[in-house]
Amino acid sequence: MKHRNQVFDNVLDLVGNTPLIKLNKIASKFKGNFFAKVESFNPGHSSKDRIALYIIEQAEKKGILTPGDTIIETTSGNTGFSIAMVSIIKGYDCVLAVSSKSSADKIDMLKTMGAKVYVCPAHVSADDPRSYYQVAKRLHEEMKGSVYINQYFNELNIDAHYKSTGPEIWKQTEGKITHLVACSGTGGTISGTAKYLKEQNPKIKVIGVDAFGSVIKKYHETREFDEKEIYPYRIEGLGKNLIPSATDFDVIDKFVKVTDEESAHMARYIAKTEGMFVGYTSGAAMQAIKQLGELGEFNENDNIVVIFPDHGSRYMSKVFSDKWMNEQGFFDSKNEAAAQNIQYIK
Ligand code: PMP
């Protein structure tokens, strides 16, 4: 492992080994010690760098990928950015089918990183031919020499975190972690990390974060896919309208659901209290900690690790835009005044 005071061969050398940073204020009213695994320190600014690099290198090892080939993926943005970054360094073409729910910033970033982007409607079922899953599948069939990463149904997604995120957290906490709190989208992060950590200490509690409007929590509790749970929500990258095989439900102890509004305010609050500019799902994960803390989940000597998956800059036109917050009706309630820190001098 290289350290930051050395010279790196290229940006991919900086994937992983992200810092674990103590949360000093935001959870101070709860018992326990709280730490954030801040994944925005990856060169592509999210945890998805880990799976992009790992899955592509596995395909290279198996001889499936050779320079000049095309890599295809469905993504809410972060995985696409990471695959595009890895593709540039390694000499692949990158084609991405993304949801129309993704922010304009994210789509522009993918294009900046050389990817060809297909924007697909967000609120259609997964088997609709217009869904980003079906579009990616079709493109893969049509393009010779293409590889479909398929992060929701690729067990290498779990493996990537089992081999990196899990061991890093174990080492960084010197084996003292008692709780892991992580968002579940594909489920790769929480499943791989939890699998490694529980092999070291089966007593570690693993708590997944899900969105209202997603089927994941109910499936975990009942093993039933309940379509009635599905309705549109705004958080990107969290929860799902299908059951991903990249989620290992057996290593997760329970799920907590969070709202769009509270998660958005929490993302803003993390910046103001801890000086960490992290994304919407980091707000969701912290909101889950708040809900758990209020229910008395944590004890004095507990060491709680929360994963902050990406950087706040990806949400400037959403959570960190007062205009957007207002449009969602998120400033109606007690939480925060719209123009809190701004004074216009006329
Ligand atoms: N947060 C963000 C911003 C994401 O893009 C994702 C991935 N969809 C997640 C959290 C969840 O990570 P995972 O897919 O590994 O469950």
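These numbers come from a predicted model, not from an experiment.

A.B. asks: I keep staring at the overall build of the chain and nothing clicks. Help me out?
C.D. replies: Counting its regular elements, the chain contains 11 helices and 10 strands. Its C-alpha radius of gyration of 19 Å places the chain within 12% of the 20 Å reference for a compact globule of 346 residues. Along the first, second and third principal axes, the C-alpha atoms of the chain reach 55 × 50 × 50 Å. The proportion of buried residues among the 346 residues of the chain is 55%. Within the chain, counting contacts between residues at least 6 apart in sequence, those at least 24 apart form 71% of the total. For the chain, the exposed area adds up to about 15400 Å²; of that, 50% sits on carbon and sulfur atoms. The positive charge centre, built from 43 side chains, and the negative charge centre, built from 43, are 2 Å apart in the chain.

A.B. asks: Looking at this model, I keep getting lost on unusual backbone geometry. Mind explaining?
C.D. replies: Residues apart from glycine generally show negative phi values, whereas peptide bonds are mostly found in trans. In the Ramachandran plot, Asn-17 falls in the positive-phi region, its phi being about 50 degrees despite a non-glycine side chain. Mapped onto the elements, Asn-17 comes out in the segment before β1 (20-22). Of note, the phi angle at His-45 is positive, near 65 degrees, even though the residue is not glycine. Along the chain, His-45 turns up in the loop between β2 (33-38) and α1 (48-61). Judged by its relative accessible area of 34%, His-45 falls in the partly exposed class.

A.B. asks: What should I look at first to understand the pairing of β2 in this one?
C.D. replies: Along a regular strand, successive side chains alternate from one face of the sheet to the other. The element β2 is largely enclosed, with a buried count of 5 among its 6 residues. Bridge count for β1 against β2 is 3 bridges, and the pairing is antiparallel. Pairing of Lys-22 across the sheet is with Phe-35, part of β2. With 6 bridges joining them, β2 and strand β10 (residues 303-308) adopt parallel strand pairing. Bridged to Asn-33 within β10 is Asn-303.

A.B. asks: How do you make sense of the pattern of salt bridges when you look at a structure like this?
C.D. replies: Pairs can form between side chains of opposite charge once their charged atoms are near each other. The final tally for this structure, using the stated rule, is 24 salt bridges. Across the pair Lys-111 and Asp-108 runs a salt bridge, and its minimum N-O distance is 3.8 Å. In this pair, Lys-111 and Asp-108 both sit in helix α3 (residues 104-112), 3 residues apart, roughly one turn of the helix. A residue is classified by how much of its surface remains accessible, and Lys-111, at 49% relative accessible area, is partly exposed. Residue Glu-236 pairs with Lys-318 through a salt bridge whose shortest N-O separation is 2.7 Å. Here Glu-236, found in the loop between α8 (216-222) and β9 (254-258), pairs with Lys-318, found in the loop between β10 and α11 (322-327); they are 82 residues apart in sequence, far enough to count as distant. Owing to a relative accessible area of 12%, Lys-318 belongs among the buried residues under this scheme. Residues participating in the shared-partner salt-bridge network are Lys-37, Glu-39, Arg-50 and Glu-168.

A.B. asks: Just checking my understanding: could you explain the nonpolar core for this structure?
C.D. replies: Taken as a class, soluble globular proteins show a tendency for nonpolar side chains to be buried jointly. Counting 41 residues, the largest nonpolar core has Leu-23, Val-181, Met-286 and Phe-308 as the members making the most contacts within it. The set of elements that each furnish at least two residues to this core consists of β2, β7 (179-183), β8 (205-211), β9, α9 (260-274), α10 (280-294), β10 and α11. Element by element, the count of residues in this core is highest for α10, at 7 residues. Those residues in contact with Met-286 that sit more than four places away from it in its chain are Leu-23, Ile-26, Ala-27, Met-266, Ile-270 and Phe-308.

Cut-offs applied
Residues numbered from 1 in each chain as written. Predicted model: local features only at pLDDT ≥ 70, side-chain atom pairs only at ≥ 80, totals over all residues. Heavy atoms only, no water. Helix = DSSP H or I, 4+ residues; strand = E, 2+ residues; numbered from the N terminus. Rg over C-alpha atoms; globule rule 2.2 N^0.38 Å. Buried < 20%, exposed > 50% of the residue type's maximum accessible area, 1.4 Å probe, protein only. Contact = heavy atoms within 4.5 Å. Areas by Shrake-Rupley, 256 points an atom, 1.4 Å probe, with all protein chains shown as cover. Lys, Arg positive; Asp, Glu negative; His and termini not counted. Charge placed at Lys NZ, Arg CZ, Asp CG, Glu CD. Pairing = 2+ DSSP bridges. Salt bridge = Lys/Arg side-chain N within 4 Å of Asp/Glu carboxyl O. Core = buried A, V, L, I, M, F, W, Y, C linked by side-chain atoms within 4.5 Å.

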